[in-house]
Amino acid sequence: MITTENRLTPEQMQAAQFKNGICAVIAVPGSGKTRTMMERIKVLVQDYNIPPENILGLTFTRNAADEMKQRLVYVLGDKSERVHLSTIHSFCYYLLKREGVVFEILSGKNQLIFLKQVMTALEIENLPVGSVLREISLAKNNVIPPDEFKILFEGDKTMALIGDIYAAYDTRKAKKMLFDFDDLLIQAYLLLKDDSDVRKKYQESFNNILVDEYQDTNPCQLELLRQLITANNNGSSFWIAGDDHQSIYGFAGASVGNILNFKDMFPGSDQFILDMNFRSSKKIVQACANLASHCQRQIHKDFKTNNSDGEDVIVLESSNEVTEALGLVGEITDLIERRGYEYQDIAVLYRANFQSLYVEEAFLQHKIPFYIQGGQSFYSRSEVKHLLDYLRVIDCPDSNEADEALLNIINIPNRYIGKRVKSELQDFAKANEVHLYQALKDMQFQPDYVRKNINTFADMMDGFIQDKDEYVPSEIIQFIRSHTDYDRWLADEDLPSPDNIKINNVDQLQIAAGRYDSISEFLEYTDTFQDTTVSDDPKGVNLMTIHKAKGLEFKIVFVIGMVEGLLPSKKGNIEEERRICFVAVSRAKELLYLSHPLSYLGVPSKKSVFISEILGLKEPENNPS
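First, a word on what this report is: a plain description of the structure on this page.

Reading guide: rules and limits
Residue positions are given per chain, counting from 1 as you read along its sequence in written order. Reporting in this predicted model follows two pLDDT cut-offs: at least 70 for local features of residues, and 80 or more for side-chain atom pairs to be given and counted; totals over whole chains, interfaces and linings ignore these cut-offs and use all residues. Hydrogens and water are ignored here; the side-chain numbers use all heavy atoms of the structure. When a residue's accessible area, from a 1.4 Å probe over protein chains only, is under 20% of the maximum for its type it is buried; when over 50% it is exposed; and in between it is partly exposed. Strands here are runs of E lasting at least two residues and helices are runs of H or I lasting at least four, both read from the DSSP assignment and numbered beginning at the N terminus. DSSP-based pairing: two strands are paired if at least 2 bridges between them are found. Simply put, an axis is a line fit to the C-alpha atoms, just over the touching stretch for a helix, and the angle between two N-to-C directions goes from 0 to 180 degrees. Throughout, a contact is declared for two residues whenever any of their heavy atoms are within 4.5 Å. By convention, a stacked pair of Phe, Tyr or Trp rings (six-membered ring in the case of Trp) has centres within 6.5 Å and planes under 30 degrees apart, an edge-to-face pair has planes over 60 apart, and any other such pair is tilted. Lysine and arginine charges are scored as sitting over a ring when NZ or CZ, respectively, is within 6 Å of the ring centre and within 35 degrees of the ring normal. For this analysis, a nonpolar core means a set of buried residues of the types Ala, Val, Leu, Ile, Met, Phe, Trp, Tyr and Cys, connected via side-chain atoms within 4.5 Å. Here the expected length of a helix is defined as 1.5 Å per residue gap, with one fewer gap than residues. Residues adjacent in sequence count toward polar contacts only when both atoms are side-chain atoms; beyond that, a polar contact is any pair of N or O atoms within 3.5 Å, and within protein one must be able to donate a hydrogen and the other to accept it. Orientation labels follow simple angle bins: below 35 degrees gives roughly parallel, above 145 gives roughly antiparallel, 65 to 115 gives roughly perpendicular, and whatever is left gives oblique. The crossing is said to be left-handed when, going from far helix to near helix, the turn is anticlockwise and less than a right angle, and right-handed when the turn is clockwise. Gly is placed with the polar residues, together with every amino acid not listed as nonpolar (Ala, Val, Leu, Ile, Met, Phe, Trp, Tyr, Cys and Pro) or charged (Asp, Glu, Lys and Arg).

By the criterion of burial, strand E10 (residues 346–350) is predominantly enclosed, with five of the five residues buried. Here E10 shows no split at all, with Ile346, Val348 and Tyr350 on one side and Ala347 and Leu349 on the other all buried. Pairing between E10 and strand E13 (residues 554–559): four bridges, direction parallel. By the bridge assignment, leucine 349 is partnered in E13 with valine 559. Inspection of the sheet shows E10 paired to strand E12 (residues 541–545) by four bridges, in the parallel sense. Paired with alanine 347 across the two strands is asparagine 542, which belongs to E12.

We now examine the sheet that holds E10. Reading across the sheet, the six strands line up as E9-E14-E13-E10-E12-E11 and stay open at both edges, with parallel pairing between neighbours. Every interior strand has two partners, whereas the edge strands, strand E9 (314–318) and strand E11 (370–372), have only one. Sheet twist, expressed as the average angle between the axes of neighbouring strands with direction ignored, equals 25°. One ladder, built from five bridges, connects E9 with strand E14 (residues 588–597); its direction is parallel. Note on E14: the bridge partner recorded for leucine 316 is serine 595. Across the face of the sheet, helix H29 (residues 574–585) comes into contact with E10, E13 and E14 while running at roughly 130° to E14.

So, about the packing of aromatic side chains. Throughout the structure, instances matching the rule amount to 22 aromatic pairs. Relative to tyrosine 166, the ring of phenylalanine 149 lies with its centre 5.8 Å away and its plane at 90°, an arrangement referred to as edge-to-face. Taken together, the positions of phenylalanine 149 in helix H8 (residues 146–152) and tyrosine 166 in helix H9 (residues 157–175) put the pair 17 residues apart, joining distant regions of the chain. Here phenylalanine 149 and tyrosine 166 have matching classes, each one buried. Seen from their ring centres, tyrosine 249 and phenylalanine 251 are 6.0 Å apart, and the 45° between their planes marks the pair as tilted. You can call tyrosine 249 partly exposed: its relative accessible area is 25%. These aromatic residues form a ring-pair network of at least three members: Tyr214, Phe238, Phe262 and Phe266. The cationic tip of lysine 19 hangs over the ring face of tyrosine 48; the distance from NZ or CZ to the ring centre is 5.2 Å. Here the basic side chain of lysine 97 rests over the ring of phenylalanine 103, its NZ or CZ set 4.3 Å away from the ring centre.

The next point concerns the nonpolar core. Among the nonpolar cores identified, the biggest contains 77 residues, and Phe363, Tyr379, Leu440, Met461, Phe522 and Phe558 are the most heavily contacted of them. When sequence neighbours within four positions are dropped, the list of residues in contact with tyrosine 379 reads Leu357, Glu361, Val384, Lys385, Leu388, Leu509, Ala512, Phe522, Tyr525, Thr526 and Phe529. Membership of the second largest hydrophobic core comes to 38 residues, among which are Leu96, Val198, Leu222 and Leu225.

The subject of this paragraph is unusual backbone geometry. Leave glycine aside and you will find that most residues have negative phi; peptide bonds, for their part, are mostly trans. In this chain, glutamine 446 is followed by proline 447 through a cis amide linkage whose omega measures -5°. Within the secondary structure, proline 447 is located in the loop between helix H21 (436–442) and helix H22 (448–467). The step from leucine 567 to proline 568 runs through a cis peptide bond, and the omega angle for that step is 15°. Structurally, proline 568 is set in the loop between E13 and H29.

So, about helix H10 (residues 181–194). Taking 1.5 Å per residue as the helical rise, H10 with its 14 residues ought to reach 20 Å, and the 20 Å between its terminal C-alpha atoms agrees with that figure. Turning to H10, its buried residues number three or more, namely Asp182, Asp183, Leu184, Leu185, Ile186, Ala188, Tyr189 and Leu192. Two or three places before aspartate 182, at the opening of H10, aspartate 180 has a side-chain oxygen 3.1 Å from that residue's backbone nitrogen.

Turning to the environment of glutamine 510, a few remarks are in order. Tracing the backbone shows glutamine 510 in helix H25 (residues 502–513). Judged by its relative accessible area of 16%, glutamine 510 falls in the buried class. When the C-alpha atoms of glutamine 510 and valine 384 are compared, they prove to be 9.5 Å apart, with 126 residues separating the residues in sequence. With near-sequence residues (within four places) excluded, glutamine 510 lies in contact with Ser474, Ile477, Gln478 and Arg481.

All right, on to the sheet that holds strand E7 (residues 237–242) then. Where strands meet in a sheet, backbone hydrogen bonds hold them as pairs that are either parallel or antiparallel. Pairing is parallel across the open sheet formed by six strands, whose spatial order is E3-E2-E6-E7-E1-E8. Strands at the two margins of the open sheet, each flanked by one partner only, are strand E3 (84–87) and strand E8 (270–274). Between one strand axis and the next, the sheet turns through 15° on average, direction left out of account. As judged from the four bridges shared by strand E2 (residues 55–59) and strand E6 (residues 208–211), these two strands associate in the parallel manner. Pairing of isoleucine 55 across the sheet is with asparagine 208, part of E6. Packed on one face of the sheet, helix H5 (residues 88–98) meets E2 and E3 and runs near 115° to E3.

As a packed pair, H10 and helix H12 (residues 219–228) sit with axes 9 Å apart at the nearest point and diverge in direction by 30°. Taken together, the axes of H10 and H12 lie roughly parallel to each other. Note on packing geometry: the crossing formed by H10 with H12 is left-handed. Two secondary-structure elements touch here, H10 through Leu185, Ile186, Ala188, Tyr189, Leu192 and Lys193 and H12 through Cys220, Gln221, Glu223, Leu224, Gln227 and Leu228. Broken down by class, the residue content of the contact of H10 with H12 amounts to eight nonpolar, two polar and two charged.

Dropping the structure here:
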C-alpha cells in the first residue's frame, strides 16, 4: 500500500495528520482536497488507532459520497467499508430510522401536489407552488419554524400567506407521518438537541467527523453538526474542508458565512491552507487569483502552481448568440484538427440551461458531437416538448405523429384526464378507423367533467388548426401559452433550481420559432435534434451549466454568454455570481476561453465585468481581509 508520506505535500500531510480538536482545511481548486481527506481517514485508523466505525465522513451529493467510498478503498483497503461515508441527508435518514422515528419521504412531484392540496384547502390560488416551496425550504434551512416565520415577515401580505401555508403544510405532513428532505435535517437536529441520551450516543459513536465541501452547508446543517461535536478533545476531532470561493448554493440556503466565520464560531480551532493548484497552468491560476481578489468577503489564500505558464486567456467577441455559437465551432474545429485535442477534452459552460440552444444548433449543423452533462438537450426538455407536441397536432391533426403528440398533451396542463380515458380514446379511434384527434371530437366521454374539459380543449385546438396559416409559429406558441395558462402551470410545477428556469426555456423556444414562417418548417428543423449520434455522444464536447461543472475539470473550457445580466445574473447577488464565475474558470487545465456577444436575444449587451477582473484589467475595490 502506498504510504501517506509518498502521496502528500507537506501542507496536505499537516492537514491529514491533525489529531484532536477542530480544524478547517481551506483548499484552492485542484489542490487535492478530497485526497487529503481520504488520507486523513487512513491516518486516523492506522496511526491514531481510531476504529473505522467511529469515523463519520459527510458530503453533499450522492456522486461525491460514492467517489469518496471508491477512493477510500484505495487507501484503507477492506476497512473502508466500516467507515460511515454518506451525504448529510442520508446520515439524517439513517439516524432517524435508527432511533425509531416512523416516517415516509415526500419529494419531487408528489411534494408539489401535496403542497398544492394544502393551498387549495386554504383557498390560496394566486401563488406559484414552486415559489412557495422555495420559501418554505429556505425557512427550514435557516431553522425558522412557521410561528417565527410569521413574526419575521409581519406586514408583508404575500409572505404572511406563505406563513399560513407553511404552518398548514407541516401540520398535514405530521398527520400523515411524512418528511420532506428539509425535514430530515430539522428533525435530526431537534432530536439531537432535545434528547441528551441520543446526542451522547452519536457523539460517542462518531467521535471523529469529517465534512467535505463545507462551504455548501446551510445554518440548519451547521447546527446539526454542532450537536455531534463533543465538548472535550480527548480522542475526538471535527475536521472540515472547503473553499469559500466555491460557495455557489445560496439560492438553496447555503451560507458562505459558515466557512468564512469558522474560526469565530469555533474559537481555538486550527486552520490549514492548501494553496498549491495541481490542475491548471500558471496563467489560468493567475486568472483565478485575479477574479478572487475582487471578492469582498473571503479567506485570504495564495494561488500557486508548479505547472507550466500555458497560454493566455482568450476572449472571444461576437455580434450575437448565434455568431457566438458559430465562433465556438471554428475554435473547436481548429483545436481538433490542427492541435490534436479530442472533443471530450472540451467543455462549454454557461450560467443557465436555456443558453445551450444556439450551441446545440451550431454543433448539430456542423456535426460536432456533444454531450449534455446531467441534463437534457434543449428540445428534449419536457416544457419544450409539450409545446412542440401542441404544434404537431395543430399542423397535421390526422397523422400518426399527431396521435402520439395528442396523448402527450391532452392532460397538459392538468385537465383531470387519466390513463383510462386515454385508453378508451385509443380503442374508439381504432374501432372507427380514425386518428385520435377526430376520435376526440366524436366520442362521448364520461363523466361530465371529463367531457366538458375535453370539449373545451377541442374547441381551443380547432381554433388553432383553423388559423394556423394566418400566424407564424412564434405567435401560435404565444397563443397556446395564453389560452392554456401554460406559464402559470409551469411555475407551479417548477422546483427551485439555480440554473434551469422552465419559463426561460419556453421563451427561448418561442424566439427560435420566430425564425420560421410555418409550423411544418419549424418542426422539421427541431426533428433534426433527434440525431443522438451527434447530440448524445459521451465522447463529444461537454455542455453543461456551471453548477453542474462543479468538481469537474477539463483541458479546455469555454465560458459563454459573459454579459451583464447573464453572468453576472441580473437576479443574483454579485458576490455569489463572482464565485459562480470562479468555479467556471477554475475548471480549465490548459486553455480558457471567455466569450461575450455584443447583443443577446436582440438586445444590445454589455461585456461582463468579470472579464476585466479575470484579465487583471480592473483593480479590486476595498481589498478584503
